[in-house]
Amino acid sequence: ARGLIPIGIGVGVNTGELILGTIGGNIRMEETVIGDTVNVASRMESLNKQFGTQILISEPTFRSLSSNLDLKIRNIGFTAIKGKAKKAAAYEVYSHCHSELIEQKEKVSVQLLEGCDLIEENKYKEAEIIFKASQSLAPLDPLLNYYIKLLMERSRRAGD
């Protein structure tokens, strides 16, 4: 509102069981959490910078949300999780974005998921076509730029 540059942070949220521990003594105590749930949340957090997003949640978190919450959320495909064989679905929460960006993200949410599905099927050229077409509808959506760049790099490597 004051014309200042917004602070960009990345938040990753996952829902599940974990282990909470406290260590220390009278002078200093420290808590920590460990487990797969924490690892997935950490992965979601780190993906924000790569994707150009700010809030990513896992599928268990998405499924646990109440349907009466007024949140803007879209599925943005699957991502590899370090230490896990199976990829995990990621969802972007974008309710906090400015109205123009929300509108653009909503316009291309179906195409985004189609493109991500094509990537999972190793149909990179078809996915690139969908993402590039979507980019004209949502030029402010950084996630489209990420996928286009990723696919162009894969295409270039395949041509080598």
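The sections below set out a description of the structure shown in this document. (Residues numbered from 1 in each chain as written. Predicted model: local features only at pLDDT ≥ 70, side-chain atom pairs only at ≥ 80, totals over all residues. Heavy atoms only, no water.)

Thoughts on helix α3 (residues 99-120)
Right, so step 1: Given a rise of 1.5 Å per residue, 22 residues ought to cover 32 Å, and the 31 Å separating the end C-alpha atoms of α3 matches this to within 8%.
Right, so step 2: In the structure, α3 departs most strongly from a straight axis at serine 109, where the bend amounts to approximately 50 degrees.
Right, so step 3: Leu101, Ile102, Gln104, Lys105, Val108, Leu112, Gly115, Cys116, Leu118 and Ile119 are the residues of α3 that are buried.
Right, so step 4: Two residues or fewer past α3, asparagine 122 is found with a positive phi of approximately 60 degrees. (Helix = DSSP H or I, 4+ residues; strand = E, 2+ residues; numbered from the N terminus. Expected span 1.5 Å × (residues − 1). Bend = angle between axes of the 7 residues up to and from the residue. Buried < 20%, exposed > 50% of the residue type's maximum accessible area, 1.4 Å probe, protein only.)

What about the pattern of salt bridges?
Right, so step 1: According to the stated counting rule, one finds eleven salt bridges in the structure shown.
Right, so step 2: Where lysine 72 meets glutamate 106, a salt bridge forms, and the shortest distance between an N and an O atom there is 3.0 Å. Taken together, the positions of lysine 72 in the loop between α2 (59-64) and β5 (73-79) and glutamate 106 in helix α3 put the pair 34 residues apart, joining distant regions of the chain.
Right, so step 3: Looking at lysine 72, the relative accessible area reads 30%, which means it is partly exposed.
Right, so step 4: Using a relative accessible area of 36% as the deciding quantity, one classes glutamate 106 as partly exposed.
Right, so step 5: Across the salt bridge formed by glutamate 121 and lysine 123, the nearest N and O atoms sit 3.3 Å from each other.
Right, so step 6: On the basis of relative accessibility, which here comes to 36%, the residue lysine 123 falls in the partly exposed class. (Salt bridge = Lys/Arg side-chain N within 4 Å of Asp/Glu carboxyl O.)

Comments concerning unusual backbone geometry
Right, so step 1: In this model, asparagine 122 sits at a positive phi of 60 degrees, which is unusual for a non-glycine residue.
Right, so step 2: Looking at where asparagine 122 falls in the secondary structure, it is placed in the loop between α3 and α4 (124-137).
Right, so step 3: In this structure asparagine 122 comes out as exposed when scored by relative accessible area, which is 53%.

Digging into the packing of aromatic side chains
Right, so step 1: For the structure on display, the rule yields five aromatic pairs.
Right, so step 2: Look at phenylalanine 51 and tyrosine 146: their rings are 4.8 Å apart centre to centre, the planes differ by 70 degrees, and that puts the pair in the edge-to-face class. One end of the pair, phenylalanine 51, is in helix α1 (residues 36-51); the other, tyrosine 146, is in helix α5 (residues 142-159), and 95 residues separate them in sequence. Across the pair, tyrosine 146 and phenylalanine 51 agree in class, each one buried. (Phe/Tyr/Trp six-rings, centres within 6.5 Å; stacked < 30°, edge-to-face > 60°.)

A closer look at the environment of lysine 123
Right, so step 1: Mapped onto the secondary structure, lysine 123 falls in the loop between α3 and α4.
Right, so step 2: Each C-alpha atom, one on lysine 123 and one on leucine 151, is 10.0 Å from the other, the two residues being 28 residues apart in sequence.

Shape descriptors only; they carry no functional weight alone.
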